[in-house]
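Architecture and fold: a report
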Amino acid sequence: MKYALLLSGGIDKNANKTRYNNDLGFAYEVLSSKYSFDDIKVLYYDGSDIKYLDKKISSSIATFQMVDKYFENLSHTVKPEDTFFILVSNHGSEPDAHVDEYNIRLYGKAAHIKMSYFSDLLNNINCKKIIVLGQCHSGAILSYNITNSIIVTACSKSEKSYFTKDKQNIDINGEMYSYEYDEFLLHFVSYLNGSYPNGNQINYDNSIVNAFNYAKTHDIWAAPNGFCGCKETPMIFPKGVDMSL
């Protein structure tokens, strides 16, 4: 069995950028259509539908309770031979006076999940785990030992992650759509798909390492000096280990 969780908290209507909807919508399409995942759970913002291209994708509210409940149920369901894929888009925060460690933001101004607790949830899943984090400070997850996993992050724990500079223009049934994504996640998911959302084809396979290398190479913010004074450093762990979808 193949299980997936697509997560984006969004915080509130001002912080819930359109690109988070698009990141999850694109990933959902690739996992369901190209890789035939058996079970894909979407936890997005306030539980609104993901509106992507000409489809609506059902979601549940992205609260701590819902994340906790999902992992509790999954821990009793998965078998060692299964695959679990998780992709997080949205905001991440560094330690401050209220939160004493790096975290993933959820729905609500103060809502979050600490990286230490998040890593504990992942360790309770007894199967192969592919963990893809696109939020700011996502590299903080690499401070924790998560078994039987490959972890990909858009940036180091001290960095922010960034949006696409150029929007993907997509023609659907004669109507033009313009979509913005998170830069690293766009390239990563496009590699696994074999094409970008706008239809531009690329050579691909189902290797997570190859997808990471492609995304890192094409990420404008990951260039040697970044872009426009900003820089993100995509990271992968453990090095020398690969998994596939």
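Everything here concerns the structure above.
Presented here is an overview of the structure given in this document. Just so it is clear, the model here is predicted, and its values are computed rather than measured.

Here helix H4 (residues 183-193) crosses helix H5 (residues 208-218) at 135°, and the two axes come no closer than 8 Å. The angle between H4 and H5 places the two elements in the oblique class. H5 is crossed by H4, and the crossing has right-handed handedness. Listed contacts from H5 to Glu-183, Phe-184, His-187, Phe-188, Tyr-191 and Leu-192 of H4 are Ile-208, Asn-210, Ala-211, Phe-212, Tyr-214, Ala-215, Lys-216 and His-218. Its residues assigned to classes, the contact of H4 with H5 comprises nine nonpolar, three polar and two charged.

Ranked by internal contacts, the top residues of the largest apolar core, which has 43 residues, are Leu-6, Phe-85, Leu-87, Phe-188 and Leu-245. Looking at this core element by element, the count peaks at seven residues for H4. Those residues in contact with Leu-6 that sit more than four places away from it in its chain are Leu-24, Ala-27, Tyr-28, Leu-31, Ile-40, Lys-41, Val-42, Leu-43, Phe-85 and Leu-87. Listed in part, the 29 residues of the second largest apolar core include Leu-74, Leu-106, Met-115 and Ala-140.

Under the definition given, this model contains four salt bridges. The salt bridge partner of Asp-182 is Arg-19, with a shortest N-O separation of 3.3 Å. Note that Asp-182 is positioned in the loop between strand S12 (175-179) and H4 and Arg-19 in helix H1 (residues 18-34), a separation of 163 residues in sequence. Of the residues examined, Arg-19 reaches a relative accessible area of 12% and is grouped as buried. A salt bridge links Asp-166 to Lys-165; the nearest nitrogen and oxygen atoms lie 3.8 Å apart. Given the relative accessible area of 54%, Asp-166 is considered exposed. Residue classification places Lys-165 among the partly exposed positions, given a relative accessible area of 48%.

So, how was this worked out
- Residues numbered from 1 in each chain as written.
- Predicted model: local features only at pLDDT ≥ 70, side-chain atom pairs only at ≥ 80, totals over all residues.
- Heavy atoms only, no water.
- Axes fitted to C-alpha atoms, helices over the stretch in contact; angles between N-to-C directions.
- Helix = DSSP H or I, 4+ residues; strand = E, 2+ residues; numbered from the N terminus.
- Parallel < 35°, antiparallel > 145°, perpendicular 65-115°, else oblique.
- Left-handed = near helix turned anticlockwise from the far one by under 90°.
- Contact = heavy atoms within 4.5 Å.
- Nonpolar A, V, L, I, M, F, W, Y, C, P; charged D, E, K, R; others polar.
- Core = buried A, V, L, I, M, F, W, Y, C linked by side-chain atoms within 4.5 Å.
- Buried < 20%, exposed > 50% of the residue type's maximum accessible area, 1.4 Å probe, protein only.
- Salt bridge = Lys/Arg side-chain N within 4 Å of Asp/Glu carboxyl O.

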